[in-house]
Amino acid sequence: MPELSSKEQRTSTSSAPAAHHVSAASEHSHNDVDVLFEQWQEKEAHVDLSDLRWSDIVVFAIFWALFAVVFLQFWTRYVLNDSLGWTEEIARYLLVLVTFVGSITAMRKGSHIAVEALLIFLPRKVKHATLVMVDGLVALFCGAMAWYAYQLGALAPGYMVSIDIPKAYLYWAVSAALAGMTIHAALRFARRLRGRGADTPHGLILD
């Protein structure tokens, strides 16, 4: 076999630590991701019910009503071969209510989906000002949507197809849910403006 020159030997020797350093850095980064993922799994597996309030009972009641209606629809269609026509429409409306009424709890707990990756790179004062502005815009947006939903309810024609209930009730229920979201968003805005709210992300960030 041909012998390597002294220059080639020096190049091979010097490249070995660099390759080892890159491999070690890659392994360290992989371990960090694994640790973050394990923390996320542990957090998702733990259901914290300590901060539930009486107002959260409403969304639980609607959810179980939705479950009962969907089960009844499945049973009558696929077991009895005689589907109840009203179950499909009512299930659709109950799903809308679960979404909006559940959003009140999410707004109170600050668990709505948000893009927070850039916040960790901002200075403390800039981060605080950004979060104050975002909270104010969220409160204004929810308040405007609550008013528009109320107006749509006043203009909604007729009744539901399967049962004699005015469609306006659904719009007004959504308007009430948006009003609840507005209250919690405004309270968070006030706390943040006074410096009583923590300027930290609500959850783990996996990049």
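Residues numbered from 1 in each chain as written. Predicted model: local features only at pLDDT ≥ 70, side-chain atom pairs only at ≥ 80, totals over all residues. Heavy atoms only, no water.

(A) Representation of helix H2 (residues 56-79) in the model. In a regular helix each residue adds 1.5 Å, so 24 residues correspond to 34 Å; H2 covers 34 Å between its end C-alpha atoms and thus fits that length. Considered for burial, the residues of H2 that qualify are Asp56, Val59, Ile62, Leu66, Val69, Gln73 and Thr76. For H2, the elements touching its buried residues are helix H3 (86-109). Once H2 finishes, asparagine 81 follows within two positions and takes phi at roughly 55 degrees, a positive value. (Helix = DSSP H or I, 4+ residues; strand = E, 2+ residues; numbered from the N terminus. Expected span 1.5 Å × (residues − 1). Buried < 20%, exposed > 50% of the residue type's maximum accessible area, 1.4 Å probe, protein only. Contact = heavy atoms within 4.5 Å.)

(B) Quick peek at the nonpolar core. Formed by 24 residues in total, the largest nonpolar core has its most connected members in Ile62, Leu94, Leu178 and Met181. Those residues within four positions of methionine 181 in sequence are excluded, and the remaining contacts are Phe100, Ser103, Ile104, Met107, His112 and Cys142. (Core = buried A, V, L, I, M, F, W, Y, C linked by side-chain atoms within 4.5 Å.)

(C) View of the packing of H2 against H3. Close contact between H2 and H3 brings their axes to 9 Å; oriented N to C, the two are set at 155 degrees. Looking at the two axes, H2 sits roughly antiparallel to H3. At the point where H2 passes H3, the crossing takes the left-handed sense. Per-class residue counts for the contact of H2 with H3 are 17 nonpolar, four polar and four charged. (Axes fitted to C-alpha atoms, helices over the stretch in contact; angles between N-to-C directions. Parallel < 35°, antiparallel > 145°, perpendicular 65-115°, else oblique. Left-handed = near helix turned anticlockwise from the far one by under 90°. Nonpolar A, V, L, I, M, F, W, Y, C, P; charged D, E, K, R; others polar.)

(D) Quick look at the pattern of salt bridges. A complete count under the given rule lists three salt bridges for this structure. Between aspartate 56 and arginine 108 there is a salt bridge whose closest N-O contact spans 2.8 Å. Of this pair, aspartate 56 sits in helix H2 while arginine 108 sits in helix H3, and the two are 52 residues apart along the sequence. With relative accessibility at 3%, the residue aspartate 56 sits in the buried group. Among the salt bridges present, the one from aspartate 135 reaches arginine 188, with a minimum N-O distance of 3.4 Å. With aspartate 135 in helix H4 (residues 124-155) and arginine 188 in helix H5 (residues 168-193), this pair connects stretches of sequence that are 53 residues apart. For arginine 188, a relative accessible area of 14% translates into the label buried. Within this structure, Asp135, Arg188 and Arg192 form a network of salt bridges that share partners. (Salt bridge = Lys/Arg side-chain N within 4 Å of Asp/Glu carboxyl O.)

(E) Geometry of the packing of H3 against H5. H5 packs onto H3 with a crossing angle of 10 degrees between their chain directions and a minimal axis gap of 8 Å. Regarding the angle of H3 to H5, the classification is roughly parallel. Here Tyr93, Val96, Leu97, Phe100, Val101, Ser103, Ile104, Met107 and Arg108 of H3 come into contact with H5, specifically with Leu170, Ala173, Val174, Ala177, Leu178, Gly180, Met181, His184, Ala185 and Arg188. Class assignment of the residues belonging to the contact of H3 with H5 gives a composition of 14 nonpolar, three polar and two charged.

(F) Expanded view of the packing of aromatic side chains. Scanning the entire structure with this criterion turns up seven aromatic pairs. Look at tryptophan 147 and tyrosine 150: their rings are 5.9 Å apart centre to centre, the planes differ by 25 degrees, and that puts the pair in the stacked class. In this pair, tryptophan 147 and tyrosine 150 both sit in helix H4, three residues apart, roughly one turn of the helix. For tyrosine 150, a relative accessible area of 44% translates into the label partly exposed. Taken together, the ring pairs in this structure connect Trp147, Tyr150, Tyr169 and Trp172 into an aromatic cluster. Looking at arginine 92, its charged tip hangs above the ring of tyrosine 93, at a distance of 5.7 Å from the centre. (Phe/Tyr/Trp six-rings, centres within 6.5 Å; stacked < 30°, edge-to-face > 60°. Lys NZ or Arg CZ within 6 Å of the ring centre and 35° of its normal.)

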